[in-house]
Amino acid sequence: MSEPHPDRNRRKLYGRRKGPKLSQRQAGLRRTLLGELAYVPGGDPLEQFPNTVKEVWLEVGFGAGEHLHWQAAHHPQVGLIGAEPYEMGMAKLLTKLEESPLNSVRLYEGDGREIIEALPDASLGRFFLLFPDPWPKTRHHKRRFLQMEMLDQLARVLKPGAELRFATDDKSYLPYALERLMAHPEFHWLAQGPTDWRSRPADWPPTRYETKAIKGPPCFLRFVRRDRTP
Ligand SMILES: C[S@@+](CC[C@H](N)C(=O)[O-])C[C@H]1O[C@@H](n2cnc3c(N)ncnc32)[C@H](O)[C@@H]1O
């Protein structure tokens, strides 16, 4: 058995893993297709993809995976890693992948932090965090995915010039995220004016949450990891 993490509170994965009972087909796909497409944290991520893949992107909390599937289908030279602990979300993406197969997707049914912490430096070409759980109560803000320590990790694993994309409709998560991203020396906001964060870029399809559960106007943030090479 593996050792418990020294900081047990930080290690806690918030949110649901279990939801409604999976159908027989979904349960079967978790046994078969998830096994074939499983991402194993650690080492050079490129090694877990076919050699047609030249760059790796990561989406944390992909929900039902529509955005991830679209990105993979539109960028055949990119390997997409997706992390999602919610079983039903994973089952929905697996169903979509059975219908429209893509061998450039690797999936992790667990906490995205475990993937990021195990990635080598400068190994990711893009990172997506779309409509993360808002944790609106002040005492729960520490459960939000986007923390300063997480930005340090992301600055480490993103290549210079790589993009970090973040979306939220939550009026308190938006300033929370912006405050941290703008204070971080390694990230630079690409926006020139309000239309840049109010309108969804053409290469950024809506997620299931955005289509079905949105509570306020969505904001789309695009930051780049600064390139400090002389
Ligand atoms: C509000 S939902 C949004 C899902 C999807 N991005 C969308 O826009 O439809 C947030 C998702 O993040 C997932 N999540 C929460 N914490 C996570 C973590 N540490 N690692 C990976 N996924 C996480 C949840 O299971 C949930 O499916």
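To start, this report covers the structure provided alongside it. None of the values given here were measured: they were computed from a predicted structure. (Residues numbered from 1 in each chain as written. Predicted model: local features only at pLDDT ≥ 70, side-chain atom pairs only at ≥ 80, totals over all residues.)

What about helix α7 (residues 148-157)?
Then, number 1: Regarding α7, the residues found buried are Leu151, Leu154 and Val157. Buried residues of α7 fall within an arc of 130° about the axis and therefore sit on the same side. The outward face of α7, more than 90 degrees from its buried face, is lined by the exposed residues Met148, Glu149 and Asp152.
Then, number 2: Elements that come into contact with the buried residues of α7 comprise α6 (112-118), β4 (124-130), β5 (158-168), α8 (173-183) and β6 (187-189). (Buried ≥ 20, exposed ≤ 12 C-beta atoms within 10 Å, placed from the backbone. Helix = DSSP H or I, 4+ residues; strand = E, 2+ residues; numbered from the N terminus. Arc of directions from axis to C-beta. Contact = placed C-beta atoms within 7 Å.)

Considerations on the site of the ligand
Then, number 1: Around the ligand, a shell composed of 24 residues is seen, among which Gly61, Gly63, Gly112, Thr207 and Tyr209 lie nearest.
Then, number 2: Of all the secondary-structure elements, those providing two or more residues to the shell around the ligand are α6 and α10 (208-212).
Then, number 3: Looking at which element gives the most residues to the shell around the ligand, the answer is α10, with three residues. (Near = placed C-beta within 6 Å.)

Brief notes about the environment of His69
Then, number 1: In this structure, His69 sits in helix α4 (residues 66-74).
Then, number 2: Since 21 C-beta atoms lie within 10 Å of it, His69 is described here as buried.
Then, number 3: For the pair His69 and Gly82, spaced 13 residues apart in sequence, the C-alpha separation works out to 9.6 Å.
Then, number 4: Setting aside residues no more than four positions away along its own chain, His69 makes contact with Leu93, Lys96 and Leu102.

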